[in-house]
Amino acid sequence: MTKSNWSIAVRRFGYGGKPTETYAGAPKSWLIAQIDNYDPLPQALRSLPGSDKITRQFGEFRRLGNDDQGLKRNARRALRGHVRSAVGARIVSAINTRDQFAERLVHFWANHFAVSTEKRGAGPLAGSFELEAIRPNIFGKFANMLAAVETHPAMLLYLDQAQSIGPNSRRGLRAAERGRRRAGLNENLAREILELHTLGVRSGYTQQDVTEFAKALTGHTVPAARRNRRNQRSRGSDLAYAFVEALHEPGAKTVLGKTYRASGAQEVAYILDDLAAHPATAKHIATKLARHFTSDTPPPALVTRLETDFLVSGGDLRSLTLALINSPEVWVEERDKFLTPWEWSIASARAIQPDQIDPMQIRRLMINLGQDLWKPGSPAGFEDKASRWAVPESLHRRVEAAQTLGRRGARHDARSLGPELYSGIWSKSSALAVARAESPAQAMALLLASPEAMWR
Amino acid sequence: MNLNRRKLLGGTAVALGAAAMPSVSFAAAGSGSKRLIFVLQRGAADGLGIVAPVGDPDYARLRGALAENYADTERVGGLFALHPSLEKSARMFANGEMMAVHAVASQYRDRSHFDGQNVLESGGTRPYERKDGWLNRLVGLIPETDASGIAIAQTIPLALQGPNKSGSYAPSRLPDAADGYMKRIGDLYMADPRLHMLWEESIATRELAEGMDGRSNMRRAADVGALTARILSADEGARIAMIETTGWDTHFGQRQRLRRELTSLDTLIASIKDGLGPLWKETMVIVATEFGRTAAINGTNGTDHGTASATLLYGGSLGGGKVLGDWPGLRQSDLYEGRDLKPTGALEDVIASSVARHFALDGDLTKRTLYPA
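Residues numbered from 1 in each chain as written. Chains lettered and ligands numbered in written order. Predicted model: local features only at pLDDT ≥ 70, side-chain atom pairs only at ≥ 80, totals over all residues. Heavy atoms only, no water.

Enquirer: Would you mind going over the overall build of chain B with me for this structure?
Expert: Helix and strand content of chain B: twelve helices and twelve strands. Residues classed as buried in chain B amount to 58% of the 373 residues present. Here chain B has roughly 14,300 Å² of accessible surface; of this, 51% comes from carbon and sulfur atoms. (Helix = DSSP H or I, 4+ residues; strand = E, 2+ residues; numbered from the N terminus. Buried < 20%, exposed > 50% of the residue type's maximum accessible area, 1.4 Å probe, protein only. Areas by Shrake-Rupley, 256 points an atom, 1.4 Å probe, with all protein chains shown as cover.)

Encoded structure:
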């Protein structure tokens with residue numbers, strides 16, 4: 001193993017080294033150990049509230065009348081507080097962790113199944129979504145993650161599934177009798193599951209498939225968030241997730257040529273399992289994973305290998321992850337991934353290793369650099385390509401941010417830190433620039449802005 | 001059409017080297033009163049845009065929209081036109097106080113700013129071969145015992161670094177510490193082509209956004225010129241000064257950017273001349289860059305890293321008014337690696353021979369000292 005392999009392990013698969021951390025042994029074993037010793041609930045995240053509590057709070061907030069302005073303000077503040085504390089915990093956890101690879105995988109999958117803090121209701125749940133639907137499943141079966149994701153209140157609220165009503169369901173027919181036009185089928189979640197979460201765009205599904213799938217999804221909802229004041233006394237109305245038969249479109253549904261006749265909640269479970277096992281899903285996931293760890297145009301051989309593993313292992317993500325790190329393509333020296341603002345901010349915070357981390361300061365930094373956590377602007381998640389992030393203005397801001405961070409990290413000697421953090425890849429020109437800096441703070445700033453710190 | 005390139009130069013083309021340099025009549029035998037200013041154009045200045053070979057039949061085709069700049073400019077040396085922004089320089093050219101040497105390059109043949117500037121400043125044959133600079137070694141050659149060199153900058157650039165006495169001076173009105181950092185970033189990114197392009201673009205965009213139409217640049221150039229003249233005017237003081245200029249890396253929007261940088265350069269030289277007064281007669285200015293730019297315009301109305309460029313010389317007793325050099329032509333087969341102006345003269349020779357003449361030094365010794373190879 002060459003020295004640069006540690007740099008690859010720590011920077012391509014992780015979030016970069018720290019001045020006080022040393023790495024020894026084989027880089028690949030270090031990665032494998034993170035799979036074997038994976039802790040789905042790191043210490044920094046244990047105090048965060050779960051989706052049950054947050055969803056109930058959201059429901060209560062929605063049921064507050066307009067005359068309760070003071071209460072409404074407090075409730076709104078409490079909900080915003082959940083976003084802030086979850087963002088803060090995620091930042092702290094990423095900066096502190098030694099299991100950087102596992103963290104990166106969590107973040108990769110969370111971005112694949114993106115939710116957004118911009119959406120009322122879903123926003124405060126973003127942290128709990130990652131905790132409950134993503135983290136427990138990153139080394140399990142893809143189908144399990146998929147099922148957990150699509151029935152989590154954050155996703156049901158984000159993609160409008162919570163309001164979707166089968167036109168011929170009990171509730172749908174009643175609404176039609178009363179002339180309520182707004183109650184009906186919402187296809188948003190069905191479409192995004194096919195387009196973004198599983199098969200991938202233009203993979204052959206039709207509008208008919210979307211509609212049928214949307215019908216199958218009816219009934220999966222978030223009772224606690226539903227506005228209706230009358231139903232709040234009924235059984236199960238304070239649940240964050242439930243299958244409500246009265247909303248479910250009856251009858252068989254045909255999706256991708258297969259007819260599903262199962263009743264109730266089971267119907268969607270079967271469809272999701274079939275989608276998870278679909279070859280188009282294998283290709284879609286393989287491409288995204290390969291792109292995340294190699295380059296914007298991932299090597300076809302790597303994509304094919306991951307795709308095959310996904311199909312052969314039945315979507316086993318542990319097996320898929322091992323296939324990834326055992327591939328020669330991920331250990332090449334070329335660094336083609338431009339760090340996203342999230343990645344660069346975390347890596348920089350790790351490099352300066354402040355005595356105290358103010359996560360909100362790091363969050364403001366990320367926002368300034370153009371990436372606010374869990375706010376991707378679209379259900380597709382944040383773009384995972386250099387063309388999105390390696391743009392002039394954003395580089396300029398990053399360089400300015402490096403100056404501020406450099407002052408905070410001025411107690412380190414950037415001249416010796418460079419070859420430690422970027423072992424085997426620290427260039428002569430960067431070493432020279434750092435050595436010639438006029439102050440320790442400037443040297444540290446140059447280190448954080450160096451080409452080695454920008455690409456992985 | 002079979003063009004004889006030597007003829008195109010109006011019969012002035014000669015092999016470069018000491019013999020080719022302008023014959024300058026020096027008033028005094030001693031060199032005690034001589035001054036030298038080296039202006040480094042960091043970023044690869046476009047020699048084909050600064051001293052444009054408008055008479056070359058391939059120029060308009062290669063340069064497209066960029067060739068339109070010269071419609072109303074007067075021809076110099078038969079084949080060429082000075083960029084219209086070099087207004088005051090053109091007058092100096094007419095008075096024999098300016099000249100250009102075309103199609104020259106240092107020994108460096110790759111296209112990295114970082115390495116190219118290192119070779120140009122150090123006087124070595126390969127990047128990072130030497131730790132001192134030719135300008136510093138020149139300080140040691142000047143007979144005056146207390147001769148020294150000074151950089152009008154916050155730090156001493158490599159060209160002036162070395163065992164001989166040198167310093168730097170930058171008044172507070174010059175770019176502050178933050179700009180120093182930004183400049184260092186610019187240098188740092190020269191090692192990474194992708195970041196380099198992004199960085200250049202971000203700088204240019206910011207300057208546009210901040211309404212820098214060149215006026216503040218010009219003011220700064222005039223200030224730097226006046227300051228340099230003041231420093232060099234002292235009886236006891238620096239005899240050699242170095243000024244670094246940036247903004248020459250015109251990958252895009254070359255028309256506006258070259259106009260701005262050349263207006264600044266023109267202002268800088270003119271204010272040096274004004275400030276020096278009678279001492280201008282004893283002064284020579286060398287303007288050089290690490291390498292030139294591609295012969296053809298690129299897809300973003302700019303030019304990319306190339307090879308040969310043009311070097312400018314100024315001075316009160318220069319005997320200029322010509323464009324020297326062995327013009328290689330711009331036909332596809334004439335271009336270096338099929339894309340760049342081919343170097344037909346060594347920048348090292350131009351510098352060594354002109355400073356040897358200027359300071360009345362032995363030519364061979366000067367060459368050996370500045371460029372030990």
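Enquirer: Is there a simple way to think about the confidence of the model for chain B in this case?
Expert: For residues with low pLDDT, the predicted coordinates do not support detailed interpretation. All names here are of chain B. In the predicted model, chain B carries a mean pLDDT of 86, and the fraction of residues at 70 or more is 87%. Confidence drops under a pLDDT of 50 for residues 1–31, and excluding neighbours within four residues, the segment shows 54 contacts in the predicted structure. This model gives residues 172–178 a pLDDT under 50, and the stretch forms ten contacts once residues within four places in sequence are excluded. Among the prediction metrics, the complex's ipTM stands at 0.89, with pTM recorded as 0.70. (pLDDT = per-residue confidence, 0-100. Contact = heavy atoms within 4.5 Å.)

Enquirer: Please explain the sheet that holds strand β4 (residues 80–82) of chain B as it appears in this structure.
Expert: In a beta sheet, neighbouring strands are held together by backbone hydrogen bonds and run either parallel or antiparallel to one another. Residue and element names in this part refer to chain B. Sheet architecture is open: three strands sit in the order β2-β4-β3, paired in antiparallel fashion. The sheet is open, and its two borders are formed by β2 (51–52) and β3 (75–76), each paired with just one other strand. In this structure, β3 lies alongside β4, joined through two bridges in antiparallel fashion. By the bridge assignment for β4, Val76 is matched with Phe80. (Pairing = 2+ DSSP bridges.)

Enquirer: In this structure, what is going on with the nonpolar core? I would like to understand it.
Expert: Taken as a class, soluble globular proteins show a tendency for nonpolar side chains to be buried jointly. Grouped together as the largest cluster of nonpolar side chains are 101 residues, with contacts concentrated most on A:Phe13, A:Trp109, A:Phe113, A:Ile134 and A:Phe213. Tallying contributions element by element places helix α4 (residues 69–96) of chain A first for this core, with nine residues. If you look at the next biggest cluster of nonpolar residues, it comprises 57 residues, including B:Tyr59, B:Ala238, B:Leu265 and B:Ala308. (Core = buried A, V, L, I, M, F, W, Y, C linked by side-chain atoms within 4.5 Å.)

Enquirer: Whenever I open this one, the packing of helix α20 (residues 414–421) of chain A against helix α22 (residues 440–449) of chain A confuses me. Can you help?
Expert: Helix-helix packing: each pair is described by the crossing angle between the helix axes and the interaxial distance. Residues and elements named next belong to chain A. Remark: α20 packs on α22, axes separated minimally by 9 Å, with the N-to-C direction vectors making an angle of 20 degrees. With respect to α22, the element α20 is oriented roughly parallel. Where α20 crosses over α22, the handedness of that crossing is right-handed. Two secondary-structure elements touch here, α20 through Ala414, Leu417, Gly418 and Leu421 and α22 through Ala443, Met444 and Leu447. Among the residues making up the contact of α20 with α22, the classes are represented as six nonpolar, one polar and no charged. (Axes fitted to C-alpha atoms, helices over the stretch in contact; angles between N-to-C directions. Parallel < 35°, antiparallel > 145°, perpendicular 65-115°, else oblique. Left-handed = near helix turned anticlockwise from the far one by under 90°. Nonpolar A, V, L, I, M, F, W, Y, C, P; charged D, E, K, R; others polar.)

Enquirer: How should helix α3 (residues 51–63) of chain A be read in this particular structure?
Expert: Owing to its 3.6 residues per turn, the α-helix brings residues three or four apart onto one side. Residues and elements named next belong to chain A. With 13 residues, α3 extends 18 Å from end C-alpha to end C-alpha; this agrees with the ideal 18 Å at 1.5 Å per step. Ser51, Ile54, Thr55, Phe58, Gly59, Phe61 and Arg63 are the residues of α3 that are buried. On its buried side, α3 packs onto α4, α6 (126–134) and α8 (153–158). (Expected span 1.5 Å × (residues − 1).)

Enquirer: What's the story with the interface of chain A and chain B in this structure? I'm lost.
Expert: Quite often, the size of an interface is put as the accessible area lost when its parts meet. The interface of chain A with chain B comprises 30 residues on the first partner and 22 residues on the second. Note on chain A versus chain B: buried area summed over both sides is about 2,300 Å², and carbon and sulfur give 64% of it. Counting every contact that joins chain A to chain B gives one salt bridge. Across the pair A:Asp336 and B:Arg194 runs a salt bridge whose closest N-O atoms are separated by 3.1 Å. (Buried area = accessible area lost by both parts, 1.4 Å probe. Salt bridge = Lys/Arg side-chain N within 4 Å of Asp/Glu carboxyl O.)

Enquirer: Got a minute to help me understand the pattern of salt bridges in this structure?
Expert: Where charged atoms from two side chains of opposite charge approach closely, those side chains can pair. Counted according to the given criterion, the structure contains 41 salt bridges over all chains. The closest approach of N and O atoms between A:Glu393 and A:Arg397, which form a salt bridge, is 3.3 Å. Of the two residues, A:Glu393 and A:Arg397 both sit in helix α19 (residues 392–408), four residues apart, roughly one turn of that helix. Between B:Lys183 and B:Asp187 there is a salt bridge, with the nearest N and O atoms lying 3.2 Å from each other. Linking B:Lys183 with B:Asp187, this pair stays in helix α7 (residues 177–189), spanning four residues, or about one helical turn. Using a relative accessible area of 34% as the deciding quantity, one classes B:Lys183 as partly exposed. Beyond isolated ion pairs, a larger network of salt bridges with shared partners links A:Arg90, A:Glu103, A:Glu130 and A:Arg135.

Enquirer: What is the right way to look at a positive patch on the surface in this model?
Expert: On the surface, A:Arg73, A:Arg76, A:Arg77, A:Arg80, A:Arg84 and A:Arg120 cluster together into a positively charged patch. Mapped onto the elements, A:Arg120 comes out in the loop between α5 (100–112) and α6. (Patch = residues over 30% accessible without salt bridge, like charges linked within 9 Å, V, L, I, M, F, W, Y side chains within 5 Å. Lys, Arg positive; Asp, Glu negative; His and termini not counted. Charge placed at Lys NZ, Arg CZ, Asp CG, Glu CD.)

Enquirer: Help me understand the packing of aromatic side chains, please; the structure alone is not making it clear to me.
Expert: Two aromatic rings are characterised by how far apart their centres lie and by the angle between their planes. Evaluated as defined, the whole model comprises 23 aromatic pairs over all chains. For the ring pair A:Trp6 and A:Tyr23, a centre distance of 5.3 Å and an interplane angle of 35 degrees mean the geometry is tilted. With A:Trp6 in helix α1 (residues 3–12) and A:Tyr23 in the loop between α1 and α2 (27–36), this pair connects stretches of sequence that are 17 residues apart. Exposure class is identical for A:Trp6 and A:Tyr23. Each is buried. A centroid spacing of 5.0 Å and a plane angle of 75 degrees characterise the contact between A:Phe108 and A:Trp109, whose relative ring orientation is edge-to-face. Between the NZ or CZ atom of A:Lys72 and the centre of the ring of A:Phe61, over which it lies, the distance is 5.9 Å. The cationic tip of B:Arg257 hangs over the ring face of B:Phe252; the distance from NZ or CZ to the ring centre is 4.8 Å. (Phe/Tyr/Trp six-rings, centres within 6.5 Å; stacked < 30°, edge-to-face > 60°. Lys NZ or Arg CZ within 6 Å of the ring centre and 35° of its normal.)

Enquirer: So what exactly am I meant to see when it comes to the environment of A:Lys385 here?
Expert: Residue and element names in this part refer to chain A. Examined against the element boundaries, Lys385 turns out to sit in the loop between α17 (359–368) and α18 (386–389). Note: C-alpha distance between Lys385 and Arg291 (94 residues apart in sequence) is 8.1 Å. In this view, Lys385 contacts Arg291 and Asp296; residues no more than four positions away in its chain are not counted.

Enquirer: For this particular structure, what's the right way to read helix α12 (residues 266–276) of chain A?
Expert: Restricting attention to buried positions, one finds in α12(A) the residues A:Glu267, A:Val268, A:Ile271, A:Leu272, A:Leu275 and A:Ala276. Projected down its long axis, α12(A) shows its buried positions confined to an angular sector of 165 degrees, all on one face. (Arc of directions from axis to C-beta.)

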